[in-house]
Amino acid sequence: MREYALLILFFSSISTMSQNCDNTLSGRVTDIHNGELLVGVTLTIANTEQSVQTDFDGFFSFSKLCNDTYYIQVSHPYCLTKGYKVRVLGNTNKSFKLEHHIEELNQITIDGKAFKNKSKTVLESSINKDELERFSTGSLGNALNSLSGVSSLNTGNSVVKPIINGLHSSRVVIMNNGVRMEDQRWGVEHAPNIDINSAGNLTLIKGAAALQYSGDATGGIIIVEAPKIAVKDTVFGKTSISGISNGRGISINSRITKSNLNGWYTTIQGSLKRTGDTETPNYLLSNTGVFEKNTSIKFGFNRFDYGIEAYYSIFKNQLGILRASHLHGAQDQVRGISSPVPLIINDFSYNIDAPRQDVTHHLGRILGYKELGRRGKLSFQYDFQKNNRLEYDIRRGDDRDKASTDLELITHTIQSNFESNRSNTLHIKTGIIGRYQKNYPNPGTGIRRIIPDYTKYDLGAYAMFDTNINESLIMEIGGRFDYTHMNVYKFYRKSFWESRNYDTLLPEIVVEEVGTQILTQPKLNFYNSSATLGATYSLKENYNLFFNYSLASRAPNPSELFSEGLHHSSARVELGDLQFNSEVGHKFAITLQNSNENYSFAIQPYINTINNFIVIEPVDVQETIRGNFQVWEYRQTNAQLIGVDVDASYPINKKLKLNHQFSLVKGYDRSRNEPLINMPPANFKNEIVYKNSEYNNLRISLQSAYVFRQNEFPNNNFDVYIPQTESYELVDFSTPPDSYHLLNFNSSIDFKTSKKTTLTAGLEISNLLNTSYRNYLSRLRLYADDLGRNYLLTLKLNY
Amino acid sequence: MKTVKFLSTTIFATALIFSCSSDDDSTPEPVLEEEVITTMTITLTADGQGDVILQTQDLDGDGPDLPVVTVSGNLSPSTMYSGSIVLLNETEDPAENMTLEIAEEALEHQFFYTVGSGLNATTGYSDADDEGNPVGLYFDLVSGQESSGTITFTLRHEPNKNAAGVSDGDISNADGETDIEATFDVSIQ
């Protein structure tokens, strides 16, 4: 690798060997943000080791240069090092701009730099701290929903799973403070276990291009980073309190940071949210309360060339699932779906009864890094996660208060990453990772395990290279390999085992027969390769063209492999297949972007072709003593998703700005030639924002969100016999609801309460017109409308 | 680069240690579902007549096997039968009598009997919970003239027993969730 870097450097400077060498190159180095002159900047000419520093006026000068092209590295302790190509012809004057972060610590992330680009050839979307604070009472999914190309798969208002360009769950990787979240994300009713208030910045990468994080993100990667900490002797923080009308709730969160000039820092953060039953414009949604408690602590020591950090967070969430959505067989579903109002509406309550979820997620990490001078930067990280998921159902007898699902997922990860700074034009990122995971489903629930006992080992390695071919072209190439081994203990029902013919196909994995069940020990291996190839071309007048191809491979998750039986929360029988292999996605994305002071826009078309795509779909209706249940079976097929995301904004004047967003995605099962289920319908968002920084930062915005009806969907409806009417009735799971239009209002104003403190008051009204609507991507749409108007009043004190 | 090599060795070695220590895992214990009702047996008795037994048995629960439905014989015309229902969980050995659990939670359970249009018979409750509403573990069935058709037994969990018609056996306003639903083909001869 080192040789390769040297080779590149050698070839890139070969042209410097020529004659007539008595020219000077001089100029100034300034801060890109405010034009301030930078003192003590080192400029080095590649291959000659000739080096100078800027003086107190930010001035530098090289002498004895030839008429030729030189590669110059410009570096400063508090700036990102940059490389430039300079053509010298006679005495030449040239000025440089650097991005300067004197007040901010060199943030500890895997990358080592704060909030910098994660991929060079995919346009990233991000949500900064100020925008995030507007979502402080919501969830991660709510915040991400504000980005184009992101929708969410909901179970009521509290379980909000992000969908990126039509894909979700195991196809979306979430990195929380450098740790890949392992929180049982395979289930559609499993929300990400992250407190939005612990984040300082959210970055979204559509597709799998950021191989340093994972190779299996066919949908995309969400990167959650903590706020930056200033390197000075200071104590600062914020506390906010919000009142929520819909749900009659309250949310409090607070954060305090102490940092020292010597590099030590500590941050403690906590948040609490409690709401009761929410309501639609016409009725209460009984049992939809939420009780969320989170806390995190971070401390570390940070110097420019080395540092260490420890982080620990606990996330605890209890949430109720709409009581009326809990139904048994198909006959019950007919009643629930045909009823214009939910079957059960009780008086308002803060109680969270069954059906409910109680999830606790612990996350700890230790990270250390060391700058190895010109060689690069090396980091090492260990992280630990423990996720305990309890799901409570409506039960009988002694089991009434017992959880029906009790899963404990423990994950340990170690990784080491290396980033090379050796060359100005070639940037290398490489790393290796090892992970151990153990799932323990508690048999004490008295209900057969929905996810089996397993241990899983992952080993991975990646390397990524990006290089500036010339001033306007950046190329990026990367590869990653992951090996996964799963050792599973799974009880199958004998009747299922035989109906699948596993008794003749896989007799060797049987351990023993226990009554009507068979204990098996499948050992599975997956070898996954992933890659990315991309280019960014800067055209004239601020136009940028991004092209990226990414190859992603994802091993099937335990739910897809081992489901076998009634899934109570969705009232259907789900069947997996332990013979599945990895799904492989190929995504091509092009982005045309322009950003200047008059307008900005980005158009991002893409096509994602996924082989061995795992879908679950209904195949049968099964008769049981409890009535009829629809049987959904996982199968592998070839899928294709085609779509486009458009963002545009246009300032009318200094205070008024228009923002527009449009997203469209079409998903097809190419083997069966039918649409994929749960594809987000096209949606269109338009917003007008008024912001006056001269008048207490007053900000007022009005947003219109129009969601079209999804017209392409697979028809999974079926008929069921109702003995009471002696007729067959349709169970309509498939037909999407109508299009809808929502208006949202948002406002905030700052008051300087003292020299160091600012009070911000905010009022937000969502669903301003109290519109009744149902969302195709909400699992509860069959039984109830979505939320009505909500007033949210927030007071925030920054100190 | 030396450091990288060292670290990578450490990582792979640690992974190896993890993988070695896992081989001595003991096998997990099976879950025997406690709440499952596998078998419903309805016994119809009448003076001077042989018992008629209707049974549905679904030993693999929500597994792929269909419930086995048996009817021991025909009903006699114009006869008043006393009916009783026994529920078992036969996944356990010995089988657990689930009828007791329903009787204990009588307030939250009710059986409904739906007689298909072809069958000439009427039903009525002969038991009550603490609030005087029917549970339906015991009932009467009066057969009419010779005919044949279906009779469906439905057990609802948490029904609204006070809704109109529910205590008279009309299921249409009962709500709640279905715990059992079984249909039998019956003849009166």
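The following paragraphs examine the structure supplied in this document. These numbers come from a predicted model, not from an experiment.

Attention now moves to the overall build of chain A. The secondary structure content of chain A amounts to 7 helices and 46 strands. In terms of overall dimensions, chain A is globule-like: its C-alpha atoms have a radius of gyration of 28 Å, near the 28 Å expected for 799 residues. Referenced to the eigenvectors of the C-alpha coordinate spread, the extents of chain A come out at roughly 100 × 65 × 45 Å. For chain A, the proportion of its 799 residues judged to be buried stands at 46%. Within chain A, contacts between residues separated by at least 24 positions form 65% of all contacts whose residues are at least 6 apart in sequence.

On to the sheet that holds strand S15 (residues 220-225) of chain A. Taking strand neighbours across the sheet as the criterion, the 5 strands line up as S9-S14-S15-S12-S13 (chain A) in an open arrangement whose pairing is mixed. Here the strands that pair on one side only, and so sit at the sheet edges, are strand S9 (125-127) and strand S13 (179-180) of chain A.

A few words now on the interface of chain B and chain A. With 53 residues of chain B at the interface, the matching set in chain A holds 56 residues. Looking at the side of chain B that touches chain A, the elements with two or more residues in it are helix H1 (2-21), strand S9 (147-157) and strand S10 (177-188) of chain B. Counting residues per element, the side of chain B that touches chain A draws most heavily on H1 of chain B, at 10 residues. Across the side of chain B that touches chain A, the residue classes break down as 19 nonpolar, 20 polar and 14 charged.

Both trends apply: most residues other than glycine have a negative phi, and most peptide bonds are in trans. Between alanine 354 of chain A and the following residue, proline 355 of chain A, the backbone shows a cis peptide bond with an omega angle of -5°. In this model, aspartate 93 of chain B is joined to proline 94 of chain B through a cis peptide bond whose omega is 5°. You can see proline 94 of chain B is positioned in the loop between strand S4 (80-89) and strand S5 (96-97). Here the phi dihedral of asparagine 165 of chain A falls at roughly 45°; this positive angle occurs in a residue that is not glycine. The residue asparagine 165 of chain A is located in the loop between strand S11 (159-164) and strand S12 (172-176) in this model. Of note in the backbone geometry, asparagine 287 of chain A takes a positive phi value of approximately 70° without being a glycine. Structurally, asparagine 287 of chain A can be placed in the loop between strand S20 (284-285) and strand S21 (290-302).

Once that is clear, we can look at the environment of asparagine 775 of chain A. Residue and element names in this part refer to chain A. Summarising the element assignment, asparagine 775 is placed in the loop between strand S45 (758-766) and strand S46 (790-798). You can call asparagine 775 buried: it has 21 C-beta atoms within 10 Å. With 267 residues separating them in the primary sequence, asparagine 775 and glutamate 508 have C-alpha atoms 47 Å apart. Every residue in contact with asparagine 775, bar those within four places of it in the chain, is listed here: Asn154, Arg781 and Asp786.

Residues and elements named next belong to chain A. Bridge analysis of strand S26 (residues 426-441) against strand S27 (residues 453-470) gives 14 bridges, and the strand direction is antiparallel. Looking across to S27, one finds that isoleucine 428 is bridged to phenylalanine 465. Examined bridge by bridge, S27 and strand S28 (residues 473-493) share 17 bridges and lie antiparallel to one another. The residue bridging tyrosine 454 from the neighbouring strand is valine 488, located in S28.

Rules behind the numbers
- Residues numbered from 1 in each chain as written.
- Chains lettered and ligands numbered in written order.
- Predicted model: local features only at pLDDT ≥ 70, side-chain atom pairs only at ≥ 80, totals over all residues.
- Helix = DSSP H or I, 4+ residues; strand = E, 2+ residues; numbered from the N terminus.
- Rg over C-alpha atoms; globule rule 2.2 N^0.38 Å.
- Buried ≥ 20, exposed ≤ 12 C-beta atoms within 10 Å, placed from the backbone.
- Contact = placed C-beta atoms within 7 Å.
- Pairing = 2+ DSSP bridges.
- Nonpolar A, V, L, I, M, F, W, Y, C, P; charged D, E, K, R; others polar.

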